[in-house]
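Single-letter residue listing:
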Amino acid sequence: MLMEIADGIATITLNRPKALNALNTAMLNELKEAVLAAEAAVEAAVLIITGAGEKAFVAGADIAQMRELTTLEGRRMTMLGQEVFQIIENIEKPVIAAVNGFALGGGCELAMACDIRIAAENAKFGQPEVNLGIIPGFGGTQRLPRLIGRGRAKYYILTGEMIPAAAAFELGLADRVVKAGELLEVCREVAGTIAGKAPVAVRMAKRAINRGLDVDLASGVAYEAEAYTTAFSTADRVEGMSAFLAKRAAAFQGK
Ligand code: CAA
């Protein structure tokens, strides 16, 4: 696992390119540590997660490791993956998946746990677990239908068919598709744009969207009102509105 922080952006790179960055339990634990470290780092406002090499973001959970596991160990692994991906989904800082190639199985699930997915033209998504006698186990059966609808999610999970980047964009699985050589640059640009906004507002927006998708509409809008009030209570709210009226750029302070 590699992590660097520059210009307010933490970039985490899954670094096992020979196995197409397949996730074993050691990598899942390292990913968890890296994400928690990035969340705690005051100098980072936004995270980017990507894969090393030109070919893969993450080609899934490590099949060689999984083949040797007992049922109980398999259960522990799925729960570890779910835990790490829920941490990614729920940390306060926004997380961008820079999908630089295959995002299959656990890789697709990792991308879906991120807030925004930006894919290289050559990226391929998919949940091919049925080929292996299992089902998606790091949240795929839950997050894919939430992102693309239950019919399409069933189609792709039951057939195991891969989803090329352009189709992923049409489905709402990828939020932008860019040239492979420009992927990290575009992700840094988007991260920089978000990092320039009022930090508490960004955090509250992420939280309200996440929370609202898990509850009924009335509870969701009630939560939105609380998150809105928190943003409204900040000095950055006064600064943002004053800057707009004075036709100048806002200088946010994160409070
Ligand atoms: N686990 C372990 N090793 C993997 C892997 C995985 N998920 N994916 C690829 N690798 C390894 C290959 O075994 C190969 O290793 P060797 O060089 O030692 O033989 C190396 O990475 C390169 O892969 P390929 O030679 O297969 O490369 P390719 O270009 O021919 O094919 C691919 C690329 C289509 C992505 C193919 O590797 C593939 O289908 N990978 C498996 C994808 C998959 O089924 N993912 C789901 C895993 S299950 C899961 O994730 C469960 C869950 O939800 C928690």
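No experiment lies behind these values; they were computed from the predicted model shown.

Here we look at the overall build of the protein
Within the protein, the regular secondary structure consists of eleven helices and ten strands. Radius of gyration (C-alpha) of the protein: 19 Å, near the 18 Å computed for a compact globule of 255 residues. Residues counted as buried form 43% of the 255 residues belonging to the protein. Intrachain contacts of the protein at a sequence separation of at least 6 include 68% that bridge at least 24 residues. Placing the 27 positive and 29 negative side-chain charges of the protein at their respective mean positions leaves the two points 2 Å apart.

A short note on the side chain of R143
Structurally, R143 can be placed in helix α5 (residues 140-148). Among the residues examined, R143 registers a relative accessible area of 11% and is labelled buried. Separated by 2.8 Å, the side chains of R143 and E89 make a polar contact. Not counting the four nearest positions on each side in its chain, R143 is found in contact with F85, Q86, E89, M112, A113 and F138.

Here we look at the side chain of D236
Its place among the elements puts D236 in helix α11 (residues 235-245). For the buried D236, which has no salt bridge, the nearest side chain bearing the opposite charge is R203, at an N-O separation of 7.8 Å. Here Q253 takes part through its backbone nitrogen, which lies 2.7 Å from a polar atom of the side chain of D236.

Digging into the sheet that holds strand β6 (residues 102-104)
One open sheet accounts for four strands, arranged β4-β6-β8-β9; its pairing is mixed. Because the sheet does not close on itself, it has two edges, and the strands there are β4 (56-58) and β9 (163-164). Pairing between β6 and strand β8 (residues 124-126): three bridges, direction parallel. Looking across to β8, one finds that A103 is bridged to F125. This element, helix α4 (residues 106-113), spans β4, β6 and β8 of the sheet and lies at about 75° to β4.

Considerations on helix α1 (residues 25-40)
Between its terminal C-alpha atoms α1 stretches 23 Å, which fits the 22 Å expected from 16 residues at 1.5 Å a residue. Within the sequence span of α1, burial applies to M27, L28, L31, K32, A34, V35 and A38.

Re the domain arrangement of the protein
When its domains are assigned, the protein resolves into domain 1 (2-195) and domain 2 (199-246). Taken residue by residue, the interface counts eleven residues in domain 1 and six residues in domain 2. Taken together, domain 1 and domain 2 are joined by three salt bridges. In this structure, K206 and D115 form a salt bridge, with 2.9 Å as the shortest nitrogen-oxygen distance. For the pair domain 1 and domain 2, the number of links is seven residue pairs in polar contact (both at pLDDT 80 or more). The element contributing the most residues to the side of domain 1 that touches domain 2 is helix α3 (residues 71-90), with three residues. Looking at the side of domain 1 that touches domain 2 residue by residue, the class counts come to five nonpolar, one polar and five charged.

Remarks on the site of the ligand
Taken together, 24 residues lie near the ligand, and K55, A61, G106, E109 and E129 sit nearest. Between the ligand and E109, the relevant distance is 2.7 Å, taken from an oxygen atom to a side-chain nitrogen or oxygen of the residue. Summarising the interface, the protein chains cover 62% of the accessible area of the ligand, which totals 990 Å² for the free molecule. Going through the elements one at a time, α2 (63-67), β6 and α4 are the ones with two or more residues in the shell around the ligand. Grouping the constituent residues of the shell around the ligand by class yields 15 nonpolar, four polar and five charged.

Definitions and limits used
Residues numbered from 1 in each chain as written. Predicted model: local features only at pLDDT ≥ 70, side-chain atom pairs only at ≥ 80, totals over all residues. Heavy atoms only, no water. Helix = DSSP H or I, 4+ residues; strand = E, 2+ residues; numbered from the N terminus. Rg over C-alpha atoms; globule rule 2.2 N^0.38 Å. Buried < 20%, exposed > 50% of the residue type's maximum accessible area, 1.4 Å probe, protein only. Contact = heavy atoms within 4.5 Å. Lys, Arg positive; Asp, Glu negative; His and termini not counted. Charge placed at Lys NZ, Arg CZ, Asp CG, Glu CD. Polar contact = N/O pair within 3.5 Å; in protein donor to acceptor, adjacent residues only side chain to side chain. Salt bridge = Lys/Arg side-chain N within 4 Å of Asp/Glu carboxyl O. Pairing = 2+ DSSP bridges. Axes fitted to C-alpha atoms, helices over the stretch in contact; angles between N-to-C directions. Expected span 1.5 Å × (residues − 1). Domains from an automatic or database assignment. Nonpolar A, V, L, I, M, F, W, Y, C, P; charged D, E, K, R; others polar. Near = heavy atom within 4 Å. Areas by Shrake-Rupley, 256 points an atom, 1.4 Å probe, with all protein chains shown as cover.

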